[in-house]
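Survey of secondary and tertiary structure
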Amino acid sequence: MTKNQTLRAALSGDRLFTAMAAHNPLAAKLADEAGFSGIWGSGFELSASYALPDASILSMSTHLEMMRAISSVVSIPLIADIDTGFGNAVSVGYIVPQFEAAGASAIVMEDKTFPKDTSLRAQGRQELVRIEEFQGKIAAAAEARKDKDFVVIARVEALIAGLGQEEALKRGLAYEEAGADAILIHSKQKTPDEILAFIDAWPGHIPLVLVPTAYPQLTEADIAARGKVRIVIYGNHAIRAAVGAMRKVFAQIRSDGGIQGVENTIPSVKDIIALQGDEHMRGLERKFLR
Ligand code: SPV
Ligand code: MG
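The name recorded for the protein in an unreviewed UniProt entry is Phosphoenolpyruvate phosphomutase/phosphonopyruvate hydrolase, from Paralcaligenes ureilyticus. The Sequence similarities (unreviewed entry) field of the UniProt record for the protein holds the comment "Belongs to the isocitrate lyase/PEP mutase superfamily. PEP mutase family."

Side note on the overall build of the protein
Scanning the protein for helices and strands turns up 12 helices and eight strands. Scaling as 2.2 N^0.38, a compact globule of 290 residues should have a C-alpha radius of gyration of about 19 Å, and the protein matches this with 20 Å. The principal-axis extent of the C-alpha atoms belonging to the protein is close to 60 × 50 × 35 Å. Counting over 290 residues, the protein shows a buried share of 49%. Expressed as a percentage of contacts within the protein between residues at least 6 apart in sequence, the contacts between residues at least 24 apart total 71%. Between the mean site of the 31 positive side-chain charges and the mean site of the 35 negative ones, the protein shows a separation of 4 Å.

Details of empty space enclosed by the protein
This structure, assessed with the given rule, holds two cavities of 30 Å³ or more. Approximately 190 Å³ is the volume found for the largest cavity. Taken together, 15 residues make up the lining of the largest cavity; nearest its centre are F44, T118, L120, R155 and H186. Looking at the lining of the largest cavity, its residues break down into four nonpolar, seven polar and four charged. In this structure, the second largest cavity occupies an estimated 80 Å³ of space. Taken together, 13 residues line the second largest cavity, and the ones lying closest to its centre are G43, S47, L58, H63 and D83. No other element matches the three residues that helix α3 (residues 43-49) contributes to the lining of the second largest cavity.

Section: a nonpolar patch on the surface
There is a patch of nonpolar side chains on the surface, built from Y50, L52 and I57 and spanning about 280 Å² of accessible area. In this fold, Y50 is placed in the loop between α3 and α4 (60-71). Taking the relative accessible area as the measure of exposure, Y50 reaches 45% and is therefore partly exposed.

Digging into the packing of aromatic side chains
A full pass over the atoms with the stated rule returns four aromatic pairs. Measuring from centroid to centroid gives 6.2 Å for F36 and Y234, while their planes differ by 70°, and the two rings are edge-to-face. Here F36 is found in the loop between α2 (25-34) and β2 (38-41), whereas its partner Y234 is found in strand β8 (residues 229-234), with 198 residues between them in sequence. Since its relative accessible area comes to 23%, F36 is described here as partly exposed. Look at Y234 and you get buried, because its relative accessible area is 16%.

A look at the confidence of the model for the protein
Per-chain confidence: the protein averages 98 in pLDDT, with 100% of residues scoring 70 or above. Across the interface, the model reports ipTM at 0.99; the global pTM reads 0.98.

Focus on the packing of helix α6 (residues 131-144) against helix α7 (residues 164-178)
Across the interface, α6 lies against α7 with an axial gap of 8 Å and an inter-helix angle of 35°. Here the hand of the crossing between α6 and α7 comes out right-handed. Counted together, I131, F134, Q135, I138 and A139 of α6 and E167, K170, R171, A174, Y175, E177 and A178 of α7 form the full contact between these two elements.

Observations regarding the site of ligand 1
Ligand 1 sits among W40, S42, G43, F44, D81, S119, L120, R155, H186 and G235. At a separation of 2.9 Å, an oxygen atom of ligand 1 approaches a polar side-chain atom of W40. With respect to ligand 1, the side chain of R155 contributes an N or O atom lying 2.6 Å from an oxygen atom. At a threshold of 2 Å from the grid points, most atoms of ligand 1 map onto the largest cavity. For the shell around ligand 1, the per-class residue count stands at three nonpolar, five polar and two charged.

Focus: the layout of surface pockets
If you add up the space inside the largest pocket, you get close to 830 Å³. Every residue lining the largest pocket is counted, 28 residues in all, and those nearest its centre are L30, A242, A245, M246 and P267. For the lining of the largest pocket, the secondary-structure elements that each account for two or more residues are α2, α10 (237-256) and α11 (269-275). Residues of the lining of the largest pocket, tallied by class, amount to 19 nonpolar, six polar and three charged. Each of domain 1 (3-236) and domain 2 (243-288) gives at least three residues to the lining of the largest pocket.

Rules used in this analysis
Residues numbered from 1 in each chain as written. Chains lettered and ligands numbered in written order. Predicted model: local features only at pLDDT ≥ 70, side-chain atom pairs only at ≥ 80, totals over all residues. Heavy atoms only, no water. UniProt positions renumbered as here; feature names shortened; annotations may be inferred. Helix = DSSP H or I, 4+ residues; strand = E, 2+ residues; numbered from the N terminus. Rg over C-alpha atoms; globule rule 2.2 N^0.38 Å. Buried < 20%, exposed > 50% of the residue type's maximum accessible area, 1.4 Å probe, protein only. Contact = heavy atoms within 4.5 Å. Lys, Arg positive; Asp, Glu negative; His and termini not counted. Charge placed at Lys NZ, Arg CZ, Asp CG, Glu CD. 1 Å grid on protein atoms, 1.4 Å probe; cavity = no way out; pocket = protein on both sides within 12 Å on 5 of 7 lines; lining within 4 Å. Points joined across faces, edges and corners; volume = space filled by probe spheres on them. Nonpolar A, V, L, I, M, F, W, Y, C, P; charged D, E, K, R; others polar. Patch = residues over 30% accessible without salt bridge, like charges linked within 9 Å, V, L, I, M, F, W, Y side chains within 5 Å. Areas by Shrake-Rupley, 256 points an atom, 1.4 Å probe, with all protein chains shown as cover. Salt bridge = Lys/Arg side-chain N within 4 Å of Asp/Glu carboxyl O. Phe/Tyr/Trp six-rings, centres within 6.5 Å; stacked < 30°, edge-to-face > 60°. pLDDT = per-residue confidence, 0-100. Axes fitted to C-alpha atoms, helices over the stretch in contact; angles between N-to-C directions. Left-handed = near helix turned anticlockwise from the far one by under 90°. Near = heavy atom within 4 Å. Polar contact = N/O pair within 3.5 Å; in protein donor to acceptor, adjacent residues only side chain to side chain. Sits in = over half its atoms within 2 Å of the grid points. Domains from an automatic or database assignment.

Here you go:
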């Protein structure tokens, strides 16, 4: 099966597809190694890795190049976060084939205005585009894909914008009608109640996608038991893990006055060389260097 077919099959399968965020190929490789079903090409993580806000500040080509680099080192499907689609429906018609050619198996596009603000930010600026306008963007994405198994996921930000369940359901159904393969429904409530109510009320025929960052108490088992949800995305755990680990080691080196105390607490240089693909390079050396 191709990566696209694997993700497409997951939309109708009975096992939850778990996607871990990555901000670079090394993080993606570690997620693959850990057993996640796929990679989330997170705009939040990529922006954070540049120490910039997740607010349409990085260019499309920066994101696209990272998707290419990530997809080339993992064997699992990559879901690219294309934010608001970097423009209007016409832009989307040009952009989607580029993400597909970069090796992504899906795009997630959200119904906010450009420039966007990140969803989980307190007092963020959350403005949505008209339903018809976003339907045009979804239809353009669906038509632009070359492989029919490439997945187009429409992201509903109505709950994030505080517009309530009725608006969220209306938008989800409108995006299904426009040709979306799945609906990502996002919430920043600290408990899963809002999301669970949406799942139970969802009358659509396409599956749902969750990003449970704000309500981490909802487990994969809980989500799977509910039905309707086929993909769970862990939106920022790679960058948060990296920040936590670096802070701890950096602080210890400063307080110890040297690296002696951390040497045996961090991965070895040998480990990193292996992650760099040393085995593959040794194969090339044996075969071709003469
Ligand atoms: C991302 O990871 O970039 C997302 C998820 O879009 S969130 O940050 O929760 O909006
Ligand atoms: Mg994002």
